[in-house]
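# Fold and contact review
Below are the chains, spelled out letter by letter.
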Amino acid sequence: KMNLLILDYGSGNIKSVYNSLKVVLGKIDKGCKLLVSNSITDVLTSDLIILPGVGSFKHCKQSISKYKGLVNALFEAVVIKSKPFLGICVGMQLLADFGLENGKHEGLGWINGKVKLLDNEINLADDNFKIPHMGWNNLEIISKDNILKDISKQDHFYFVHSYYFDAVNSENILALTKYGKNIPSIIKRENIYGLQFHPEKSGYSGQKILKNWI
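One structure accompanies this document, and this report is about it. Being a predicted model, the structure only gives us computed values, none of them experimental.

With that out of the way, let us pick up the pattern of salt bridges. Evaluated as defined, the whole model comprises six salt bridges. The residue Lys81 makes a salt bridge to Glu76 at a minimum N-O spacing of 3.3 Å. For Lys81, a relative accessible area of 45% corresponds to the partly exposed category. Classification of Glu76 by relative accessible area gives partly exposed; the value is 32%.

Structure, rendered in structure tokens:
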């Protein structure tokens with residue numbers, strides 16, 4: 001029996017992630033147990049780990065760091081033991097080396113890159129582009145991967161963010177989304193995935209992504 005852990009470190013949105021995963025697991029019936037926890041034991045014994053994130057990069061990093069030994073346990077589970085990992089929104093951004101929201105703050109450093117403000121990159125005089133980037137967009141698939149099975153241009157995903165992941169290595173980018181410029185919307189390094197959009201708020205398309213990842 002597999003254990004799927006949603007990491008609860010005080011950064012909102014756990015409920016909708018949990019509910020969406022319940023629906024997905026009901027469809028695939030893998031005998032997978034869903035946990036919501038910040039216990040180090042659960043991190044080390046779970047088979048799959050999801051890191052949700054709502055709010056600022058700084059706040060989310062500080063919240064995780066508040067739990068003694070949690071960052072080290074995540075490193076051991078995900079980087080050393082190669083457990084499947086999925087970061088959502090700020091949970092994806094935390095994979096970077098550092099973020100530039102409210103000063104410069106260190107990330108987990110699992111995928112090389114930095115998290116930058118969108119408005120330095122797009123023409124805000126154009127009324128189509130407001131910060132935050134909020135609403136529905138499709139994906140431009142850059143690289144084939146199992147997480148993108150049955151996903152096409154017709155699938156739309158819900159975004160809400162003001163910062164984006166500026167990846168150092170293009171091979172870490174699976175999909176882009178155009179919002180004034182091309183921003184990475186799915187990143188990957190080995191067993192580690194990050195989604196800039198919220199699959200749990202993206203209806204059937206989001207459920208397909210979660211199902212593919214599981």
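Right, let's talk about the sheet that holds strand E1 (residues 2-7) for a bit. Spatial ordering of the open sheet is given by E2-E1-E3-E4-E14-E13-E12-E9, a layout of eight strands whose pairing is mixed. The open sheet is flanked by strand E2 (32-37) and strand E9 (140-141), the only strands paired with a single partner. Inspection of the sheet shows strand E12 (residues 173-178) paired to strand E13 (residues 182-189) by five bridges, in the antiparallel sense. Across the sheet, Thr177 pairs through a bridge with Ile183, a residue of E13. On the sheet, helix H4 (residues 70-80) packs against E1, strand E3 (48-51), strand E4 (85-88) and strand E14 (192-195) and is oriented at approximately 135 degrees with respect to E3.

Turning to the sheet that holds strand E11 (residues 163-167), a few remarks are in order. On the basis of which strands lie adjacent, the open sheet formed by four strands has the order E6-E5-E7-E11 and mixed pairing. With one partner strand each, in any of the chains shown, strand E6 (105-106) and E11 form the two edges of the open sheet. As defined by bridge partners, strand E5 (residues 98-99) adjoins strand E7 (residues 113-117) across two bridges and the pair is classed as parallel. Residue pairing in the sheet places Phe98 in a bridge with Lys114 of E7.

With that out of the way, let us pick up the nonpolar core. Among the nonpolar cores identified, the biggest contains 62 residues, and Ile147 and Ile186 are the most heavily contacted of them. If near-sequence neighbours (up to four positions away) are discounted, Ile186 is found in contact with Leu139, Ile147, Leu148, Asn172, Ile173, Leu174, Ala175, Gly194, Leu195, Phe197 and Ile209.

The subject of this paragraph is the layout of surface pockets. Size it by volume and the largest pocket reaches roughly 180 Å³. For the lining of the largest pocket, the secondary structure elements donating two or more residues are helix H5 (90-93) and strand E10 (156-161). Across the lining of the largest pocket, the residue classes break down as five nonpolar, six polar and two charged.

A few words now on the environment of Ser11. Of note, Ser11 is situated in the loop between E1 and helix H1 (14-28). Here Ser11 falls in the buried class, since its relative accessible area comes to 3%. Considered as a pair, Ser11 and His105 are 94 residues apart in the sequence and their alpha carbons are 17 Å apart. Setting aside anything within four residues of it in sequence, one finds Ser11 in contact with Gly53, Val54 and Cys60.

What counts and what doesn't
Residues numbered from 1 in each chain as written. Predicted model: local features only at pLDDT ≥ 70, side-chain atom pairs only at ≥ 80, totals over all residues. Heavy atoms only, no water. Salt bridge = Lys/Arg side-chain N within 4 Å of Asp/Glu carboxyl O. Buried < 20%, exposed > 50% of the residue type's maximum accessible area, 1.4 Å probe, protein only. Pairing = 2+ DSSP bridges. Helix = DSSP H or I, 4+ residues; strand = E, 2+ residues; numbered from the N terminus. Contact = heavy atoms within 4.5 Å. Axes fitted to C-alpha atoms, helices over the stretch in contact; angles between N-to-C directions. Core = buried A, V, L, I, M, F, W, Y, C linked by side-chain atoms within 4.5 Å. 1 Å grid on protein atoms, 1.4 Å probe; cavity = no way out; pocket = protein on both sides within 12 Å on 5 of 7 lines; lining within 4 Å. Points joined across faces, edges and corners; volume = space filled by probe spheres on them. Nonpolar A, V, L, I, M, F, W, Y, C, P; charged D, E, K, R; others polar.

That's the geometry; what it means functionally is another story.
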